[in-house]
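Observations on the model geometry
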Amino acid sequence: MEEIINKIAQDKLDFKIGLQQLLPYNFDELFVTLNNYIINSIPNKTDYNTEAYQNALATIPLKPAYTPIVILKTYPTKIALSKLPLLPKSENIKTITALLWIFKITDTERRNTECKNGCGHFWHEIY
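Bear in mind that the values here come from a model prediction, so they are computed numbers and not experimental data. (Residues numbered from 1 in each chain as written. Predicted model: local features only at pLDDT ≥ 70, side-chain atom pairs only at ≥ 80, totals over all residues. Heavy atoms only, no water.)

Moving on: the pattern of salt bridges. Applying the stated criterion to the full structure yields three salt bridges. Close ionic contact of Asp-11 with Lys-104 constitutes a salt bridge, the shortest N to O distance being 2.3 Å. Here Asp-11 is found in the loop between α1 (2–9) and α2 (15–22), whereas its partner Lys-104 is found in helix α7 (residues 92–112), with 93 residues between them in sequence. A relative accessible area of 58% places Asp-11 in the exposed class. Among the salt bridges present, the one from Glu-91 reaches Lys-94, with a minimum N-O distance of 3.6 Å. Its relative accessible area of 11% is what places Glu-91 among the buried residues. (Salt bridge = Lys/Arg side-chain N within 4 Å of Asp/Glu carboxyl O. Helix = DSSP H or I, 4+ residues; strand = E, 2+ residues; numbered from the N terminus. Buried < 20%, exposed > 50% of the residue type's maximum accessible area, 1.4 Å probe, protein only.)

Below you can see the structure in the form of structure tokens.
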């Protein structure tokens, strides 16, 4: 699962194809993993209003009226992330899609800034 997520984030696996590969995984496990990845991909852990995070929210490839998107845009990040797993199961795919997209954008920004001259993140070395 982690390899698929990181390949998507690094554009080594098409987003839609990778998403389809992730959907059979347990929602709760996938949610926790993506939640942790997002939090770790934001350089200043107290500032979720980074340009990359806001760009990710604005470009999620889902209709802006979908419940997970509304929650992510309406509430502070930590509160939004705590509300998402409480949604009905019918929202799981939308939630995972949104979180995967956010991680893809925020991790790309991280690789292009704080990790551009190399880093110790083994997951940034996926081939």
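To describe a pair of aromatic rings, you give the distance between the ring centres and the angle between the ring planes. In total, this model carries three aromatic pairs according to the counting rule given. Their ring planes at 80 degrees and their centres at 5.1 Å tell us that Phe-15 and Trp-101 sit as a pair that is edge-to-face. Of this pair, Phe-15 sits in helix α2 while Trp-101 sits in helix α7, placing them 86 residues apart in sequence. The class of Phe-15 is buried, set by a relative accessible area of 11%. With a centroid separation of 5.1 Å and an interplanar angle of 50 degrees, the aromatic rings of Tyr-37 and Phe-103 are classed as tilted. Taken together, the residues span a long stretch of sequence, with Tyr-37 in helix α3 (residues 27–41) and Phe-103 in helix α7 at a distance of 66 residues. Under the relative-accessibility criterion, Phe-103 is labelled buried at 3%. It is Lys-83 that lies over the ring of Tyr-75; its NZ or CZ is 4.7 Å from the centre. (Phe/Tyr/Trp six-rings, centres within 6.5 Å; stacked < 30°, edge-to-face > 60°. Lys NZ or Arg CZ within 6 Å of the ring centre and 35° of its normal.)

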